[in-house]
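Structural overview for review
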Amino acid sequence: QLSVLFRSMGKKRAAGDAAEPDELEFEDEFEDEFEEEDEDEKEDIDSEDVKQADDDNSDAEGDPKPDAPESSSTKVWRAGVDTLQEGEVLEFEPGAYAMYHALQLDWPCLSFDVVRDDLGLQRTRFPMTMFLVAGTQADKASSNKVVVMKLTQLHRIRPEDSDEEEEEDDDSSADEDAVLEHKDIRHIGSVNRIRVMRQDSGIAATWSDKGAVHVWDIRPQLYKLQGRPPPRTLADTKDPKPVFTFDGHSTEGFALDWSPVVPARLATGDCSGSIFVWDATGVASSSTWSWRVDGVPYTAHTDSVEDIQWSPSEQDVFASSSVDRTLRIWDTRNKAAAALTVSAHTSHVNVISWNSLVTYLLASGSDNGNFRIWDLRKFTTEAVVAEFNHHAQAITSIEWNPADSSSLAVSSADNQVTVWDMSVEKDIDADGAAADDEYAPQLMFIHQGQTDVKEVHWHPQLPAVLISTAADGFNVFKPSNL
């Protein structure tokens, strides 16, 4: 079932009128087609055909029906508020999206990352192209893979009343299927988390559930997907191996982040509460790196380290979150203790995100569905500048928009991906009273339809485009009100 909330706050356009729940229908017409060409695997992603309900309140002679209800248009599904009666299903509303595609791999992926490309910054023309890398969770350790993907023909959803001749983009074939091509690298053990180095998109790190952290050179796969011959100095083997592996953690983990300031600097945290910092020497242009891991870990956390985020502006500073319910700010020049510590939530702090545009803002998401925004200039329990309790289950991912300092995306185990705008305030009427709204005014959009959503990321080169991964595959979408 797919449910969508098209929210309009502030100056953004409002959604349509409401209708009764029994008028909602959803027809799932996604069908992936698979083709194989030599080593390539291509998957065609069917764009959904959406049937609009005909809200006709007239009889055959054109006279109005006497008892037709006023609220006869499509009703917006309110997640966590509305319930479905027996036999009722939800209908996908194309007007809520500028673009929407769904795709699946052989196995679900717990984690993925966007691979930055050289196709241009701030691309808005359709159809779009993007590169991703993901790690699988297969039924057997030997069946897992690092999957390097190229998605092309990502068309927009064309409004039914649009005039193709007046369109300004290149999306003249919006009804064609999107295409997924991928190259796989064998990975022993499930991939708990995968991240791409910001300064060198040919390098990716993975946390394995076998307790090791691997660094991979994914350039051969990227060259093949682009149809470009690799440099002669680039080794291309049928069974690629990690270029570096660290097995100094005492157990598996999930926390992993590359520094956006220092190339090839990495921090990894495990389920025992230890954090290790990696440094490297090398040249980004040739992806020739040599890593050294400091053998003395950071150990102030008393339980599992769930997430790590490097400062977007300070080379020696990073933040960590933990099952011990704390957020900690570290200075690598003094590992004896965290520089700052705060009891952040009443349950496990699962994820954090450091705002790259307003560098004193940090967002955190907890296991009870609550997420908070922190001001690091006064990092105490009173430093919470915003708190939201929309989600009914654990927050699984949170990320600031790299192009908009006030916007962030949140995913949850309640099968929702939400988009928020922190710059929006409650409407105040002429009498000075705040508008009564069942949702926080900062809530811009709710995306649903996936089961057990694990991560959501903004694409840094495609404005307002989001990608999410869940137990039943990936969604690539762009809300129409962003």
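Residues numbered from 1 in each chain as written. Predicted model: local features only at pLDDT ≥ 70, side-chain atom pairs only at ≥ 80, totals over all residues. Heavy atoms only, no water.

If you tally the helices and strands in the protein, you get 1 helix and 31 strands. Here the protein holds 482 residues, and 51% of them are scored as buried. Restricting the contact set of the protein to residue pairs at least 6 apart, pairs at least 24 apart contribute 59%. When the accessible surface of the protein is totalled, it reaches about 21,900 Å², and 44% of it is carbon and sulfur. (Helix = DSSP H or I, 4+ residues; strand = E, 2+ residues; numbered from the N terminus. Buried < 20%, exposed > 50% of the residue type's maximum accessible area, 1.4 Å probe, protein only. Contact = heavy atoms within 4.5 Å. Areas by Shrake-Rupley, 256 points an atom, 1.4 Å probe, with all protein chains shown as cover.)

This brings us to the sheet that holds strand E31 (residues 473-479). Spatial ordering of the open sheet is given by E4-E31-E30-E29, a layout of 4 strands whose pairing is antiparallel. The sheet is open, and its two borders are formed by strand E4 (97-103) and strand E29 (453-458), each paired with just one other strand. The mean angle between the axes of side-by-side strands here comes to 15 degrees, regardless of whether they run parallel or antiparallel. Sheet topology places E29 next to strand E30 (residues 466-470); 5 bridges connect them, and they run antiparallel. Bridge pairing links His457 to Ile467 in E30. (Pairing = 2+ DSSP bridges. Axes fitted to C-alpha atoms, helices over the stretch in contact; angles between N-to-C directions.)

Strand order across the open sheet formed by 4 strands is E21-E22-E23-E24, with antiparallel pairing between neighbours. The outermost strands of the open sheet, each flanked by one partner alone, are strand E21 (349-354) and strand E24 (384-388). Ignoring strand direction, the axes of neighbouring strands in this sheet form an average angle of 20 degrees.

So, on to the packing of aromatic side chains. Considering all chains together, one arrives at 17 aromatic pairs under this definition. With 6.0 Å between their ring centres and 85 degrees between their planes, Tyr97 and Phe477 make a pair best called edge-to-face. Placement of Tyr97 in strand E4 and of Phe477 in strand E31 is noted, with a sequence separation of 380 residues between them. Each member of the pair, Tyr97 as well as Phe477, carries the same accessibility label: buried. Put simply, the rings of Phe244, Phe246, Trp258, Phe276, Trp278 and Trp291 pair up and form one aromatic cluster. One Lys or Arg, Lys335, reaches over the ring of Tyr298 and ends 5.0 Å from the middle of that ring. Over the face of the ring belonging to Tyr360 we find Arg377, whose NZ or CZ atom lies 3.7 Å from the ring centre. (Phe/Tyr/Trp six-rings, centres within 6.5 Å; stacked < 30°, edge-to-face > 60°. Lys NZ or Arg CZ within 6 Å of the ring centre and 35° of its normal.)

Here we come to unusual backbone geometry. With an omega of -5 degrees, the peptide bond running from Phe126 to Pro127 counts as cis. The residue Pro127 is located in the loop between strand E5 (109-115) and strand E6 (128-136) in this model. The backbone of Asp452 shows a phi angle near 60 degrees, a positive value even though the residue is not glycine. A relative accessible area of 29% places Asp452 in the partly exposed class. The backbone of Ala464 sits at a positive phi, close to 65 degrees, despite the residue not being glycine. Looking at where Ala464 falls in the secondary structure, it is placed in the loop between E29 and E30.

A few words now on the pairing of strand E7 (residues 145-154). Most of E7 sits inside the fold, with 8 of its 10 residues counted as buried. Note that E6 and E7 share 7 bridges and pair antiparallel. Note that in E7 the partner of Met130 across the bridge is Leu151.

Time to look at helix H1 (residues 219-226). Across the 8 residues that make up H1, a large majority, 6, are buried. All of the buried residues along H1 are Arg219, Pro220, Gln221, Leu222, Tyr223 and Leu225. The secondary structure elements touched by the buried residues of H1 are E5, E6, E7, strand E8 (178-186) and strand E11 (213-217). Looking one or two residues past H1, Gly227 carries a phi angle of roughly 70 degrees, positive in sign.

Another aspect to go through is the pattern of salt bridges. Tallied over the full model, the rule gives 20 salt bridges. Lys335 serves as the salt-bridge partner of Asp294, at 2.6 Å between the closest nitrogen and oxygen. Remark: Lys335 occurs in the loop between strand E19 (326-331) and strand E20 (340-343) and Asp294 occurs in the loop between strand E16 (288-293) and strand E17 (305-310); sequence separation between them is 41 residues. For Lys335, a relative accessible area of 22% corresponds to the partly exposed category. When the shortest N-O distance is used, the salt bridge between Asp452 and Lys454 registers 3.4 Å. (Salt bridge = Lys/Arg side-chain N within 4 Å of Asp/Glu carboxyl O.)

For the protein, per-residue confidence averages 84 on the pLDDT scale, and residues scoring 70 or more make up 78% of the total. A low-confidence stretch, residues 1-72 (pLDDT under 50), is modelled with 172 contacts involving residues beyond four sequence positions or located in other chains. (pLDDT = per-residue confidence, 0-100.)

Here Thr124 is to be found in the loop between E5 and E6. Relative accessible area serves as the criterion here: at 45%, Thr124 is assigned to the partly exposed category. Put simply, Thr124 and Leu462 are 338 residues apart on the chain and 6.3 Å apart in space, counted from C-alpha to C-alpha.

Moving on: the pairing of strand E9 (residues 191-196). The element E9 is extensively covered by neighbouring structure, given that 6 of its 6 residues are classed as buried. Relative to strand E10 (residues 203-208), E9 runs antiparallel, the two sharing 5 bridges. Of the residues in E10, the one forming a bridge with Arg195 is Ala205. Here E9 hands over to E10 after 6 residues, the two strands then running antiparallel side by side.

Glancing now at the nonpolar core. As a rule of thumb, nonpolar side chains are buried together in soluble globular proteins. Counting 22 residues, the largest nonpolar core has Met130, Met149, Leu151, Phe474 and Val476 as its most contacted members. Judged by nonpolar contacts, the second largest core, of 20 residues, contains Leu361, Ala363, Ala386 and Ile395. (Core = buried A, V, L, I, M, F, W, Y, C linked by side-chain atoms within 4.5 Å.)

Glancing now at the environment of Met128. Summarising the element assignment, Met128 is placed in strand E6. Look at Met128 and you get buried, because its relative accessible area is 2%. Through-space distance from the C-alpha of Met128 to that of Thr152 is 6.3 Å; in sequence the pair is 24 residues apart. Residues contacting Met128, with those up to four places away along its chain left out, are Met99, Arg123, Leu151, Thr152, Gln153, Leu154, Leu462 and Val465.

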